[in-house]
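If you want the building blocks of each chain, they are given just below.
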Amino acid sequence: MRRIPTILRLAALGILLAFLLAPERFAALFAPLASAGASPIYDQGNIGRLALAHLLTVLIGCLASTVVAVALGVLVTRARGAEFLPLSRAVVSFGQTFPPVAVLALAVPLVGFGAKPTLIALFLYGLLPIFENTVVGLRTCPAAVLEAASGMGMSARQRLVTVELPLAMPLILEGIRLSLVINIGTATLGSTVAAKGLGEVIIAGLLSNNTAFVLQGGLATGLMAVLLYDGVAALERRICGSARID
Amino acid sequence: MIVIESLTKRYGSATVVDAVSMTIERNSITVIVGTSGSGKSTLLRMINRLIEPTSGRVIIDGRDTESEPAHLLRRRIGYVIQGHGLFPHRTVAENVATVPRLLGWEPDRIRVRVDELLRTLQLDPAMYADKYPYQLSGGQQQRVGVARALAAEPAVLLMDEPFGALDPIIREKAQDDLLEIQRKFGTTMVVVTHDIDEAFRLGDRVAVMSEGRLLQYDRPEVLVMHPADPLVARMTGSAERAMRLLSLTTAGEALADTSANTATSNNSAGAAEMAADGPIIRASASLREALSELLWRGSESGTVVDDDDKPCGRLTVAAILARGRPR
């Protein structure tokens, strides 16, 4: 029975790739939704390239979020950095609650149109889940294990790298996964400031009142999010599966 | 040898350990016993500087522990804690190899040492080396914790309630194993416990602590016969101090003493007595156990046998009772 989800995932991946590589083959499927006389399939650019650019933007944004959020999480769980916890938490939460659209609007005058404002918005938006999970992961390391690590003669750094981070890794990866999935959706907004991405397809549909375009952009984005979520989950199991942490 | 010189730890206005001085002999087991909050764990942790003392110093084999960075000091001192604290993401072998790795031993040397230790602690390396801690029973986890602490051949082993998480039957076995290990490696051990029975069972010397102060530090029989403080008397249990005294001597030791005193007179009669009835008493059993056995069987005397089941003498109830009184 465990095979069925795998088959579904592979099918979803197959459909997504088929659509991105040769979208015109799906013309018949989307024809009923297209406005009269308009093309049923997005024709103002290569949809496969847009998807790739979309994915790349999200990955770069997430990488930046991960580096900063994990570093911050480590800092505030050290004795010396504990006093920064409330401040860091406030900043990171602000990044999450400040609407990405507003970030874009504010960033464009500073860095111009294109991918840059989008990356800033994604970076801010992705911090919170990774930061919070890092803090919880590091804080919930069993006290006896930490005491043993110090008692064995590990330096603070050795303890962090060889004990605390590996034990917190499942939670950190979960934060990264959450952040990735949220940002796949959020990145569509980037197209309003001329970043390359699947948002372009959706916006083109809205402007020309062509539901087929909107649906194509939306479905491609959604499938990407689902597949990425599962992909990272599988990665997590590979990394953390060898040792059950309890 | 560990010399502790007026070691004190204060947190704000609270004094947790109050000017404790004691000398711990090499190759011995010293047990620090006390109620919770007596400062016994704090005292132990100041030896390997997991807690930095407010004042006073610790000298191990002539060297002040302050003379090197704390984490380097700790690599030379074994440390076992309650609930073992094994690294859950590492295998048994990796756990045991922790300190040798920190010390940069060659992989081959580490492998040999890990195998040797697992065997010493009755864990077949082929079966357990690659297991994760959660796959082991409580007793096995505890033994891996001891193996890990001993891995780099430390001269000193500190143990904080090492058997606290074990059920009574496994605990007794674990205590025996520890005594065995102490004899085998000659490690100087300092054990913290709240269990006075455990203290008497393990300790060559027992230190009683209360409210941060060291009340008495001496051989167990001295604690029973000449308690220096009412609390020590209460802890050693005035109601059963005779039994406790008996538990400190083995049948073999008692026999050696008696035959030394009355060697000539008993020699001829001894052979005849050997054949007499009565239960078999192991030389390694305590007099308390021997007395209990004799009472149960309703016998006046029993035959003491050594490890090879060879009879080595007779022990009478009267002889045992004589040892339950202060001499």
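For the structure itself, consult the block above.
Everything numeric in this text was worked out from a predicted model, so none of it was measured.

S.K.: In this structure, what is going on with the packing of aromatic side chains? I would like to understand it.
M.R.: How two aromatic rings sit relative to each other is set out by the distance from centre to centre and by the angle between their planes. Residue and element names in this part refer to chain A. All told, the structure shown has four aromatic pairs over all chains when counted by the stated rule. When the ring of F19 is compared with that of F30, the centres are 6.1 Å apart and the planes differ by 50 degrees; the resulting orientation is tilted. Residue F19 is located in helix 1 (residues 3-21), and its partner F30 is located in helix 2 (residues 27-30); the two are separated by 11 residues in the primary sequence. Assigned by exposure class, F19 and F30 land together as buried. With a centroid separation of 5.2 Å and 45 degrees between ring planes, the pair formed by F94 and F98 is classed as tilted. Look at F98 and you get partly exposed, because its relative accessible area is 26%.

S.K.: Looking at this structure, I do not really get the layout of surface pockets. What am I missing?
M.R.: Over the atoms rolls a probe the size of a water molecule, and its path tells where empty space is left. Residues and elements named next belong to chain B. Roughly 1,300 Å³ of internal volume is contained in the largest pocket. Along its surface, the largest pocket is lined by 38 residues, and F200, R201, S247, L248 and S286 are the ones closest to its centre. Elements that contribute at least two residues to the lining of the largest pocket include exactly helix 8 (168-185), helix 9 (196-202), helix 10 (220-225), helix 12 (241-247) and helix 15 (287-297). In terms of residue count, helix 8 provides more of the lining of the largest pocket than any other element does, nine residues in total. Its residues assigned to classes, the lining of the largest pocket comprises 12 nonpolar, eight polar and 18 charged. For the second largest pocket, the calculated volume is near 520 Å³.

S.K.: Which parts of the structure should I look at to understand the pairing of strand 7 (residues 156-160) of chain B?
M.R.: Every regular strand shows the same layout, with side chains that alternate between the two sheet faces. Residue and element names in this part refer to chain B. For strand 7, a buried count of five out of five residues is recorded, marking the element as mostly surrounded by other parts of the structure. Sheet analysis places strand 6 (residues 77-81) next to strand 7, joined by five bridges and oriented parallel. Bridge pairing in strand 7 places Y79 opposite L158. Pairing between strand 7 and strand 8 (residues 188-193): five bridges, direction parallel. Along strand 8, the bridge assignment pairs L157 with M189. Once you follow strand 7 into helix 8 and on to strand 8, the crossover reads as right-handed.

Cut-offs and rules
- Here, residues in each chain are numbered from 1, in the same order as that chain's written sequence.
- For naming, the first written chain is A and the first written ligand is 1, with later ones following in the order written.
- With the structure being a predicted model, the display of local features is reserved for residues of pLDDT at least 70 and the display and counting of side-chain atom pairs for 80 or more, all residues being used for whole-chain, interface and lining totals.
- In computing side-chain properties, one takes all heavy atoms of the structure into account and sets aside hydrogens as well as water.
- Centre distance within 6.5 Å is the pairing criterion for rings of Phe, Tyr and Trp, where only the six-membered ring of Trp is used; planes under 30 degrees apart are then read as stacked, over 60 as edge-to-face, and the remainder as tilted.
- A run of DSSP states H or I qualifies as a helix once it reaches four residues; a run of E qualifies as a strand once it reaches two. Both are numbered from the N-terminal end.
- Only protein chains enter the accessibility calculation, which uses a 1.4 Å probe; a residue is then buried when its area is under 20% of its type maximum, exposed when over 50%, and partly exposed in between.
- For each structure, a 1 Å grid was placed over the protein atoms alone; sets of points admitting a 1.4 Å probe that cannot get out are labelled cavities, open sets with protein on both sides within 12 Å along at least five of seven lines are labelled pockets, and lining residues have an atom within 4 Å of a point.
- Grid points are joined across faces, edges and corners, and a volume is the space filled by probe spheres set on the points.
- Residues are grouped as follows: Ala, Val, Leu, Ile, Met, Phe, Trp, Tyr, Cys and Pro are nonpolar; Asp, Glu, Lys and Arg are charged; every other residue, Gly included, is polar.
- By this definition, two strands are paired if DSSP reports at least two bridges between them.
- Clockwise travel from the first strand over the helix to the second, with the strands pointing away from the viewer, marks a crossover as right-handed.

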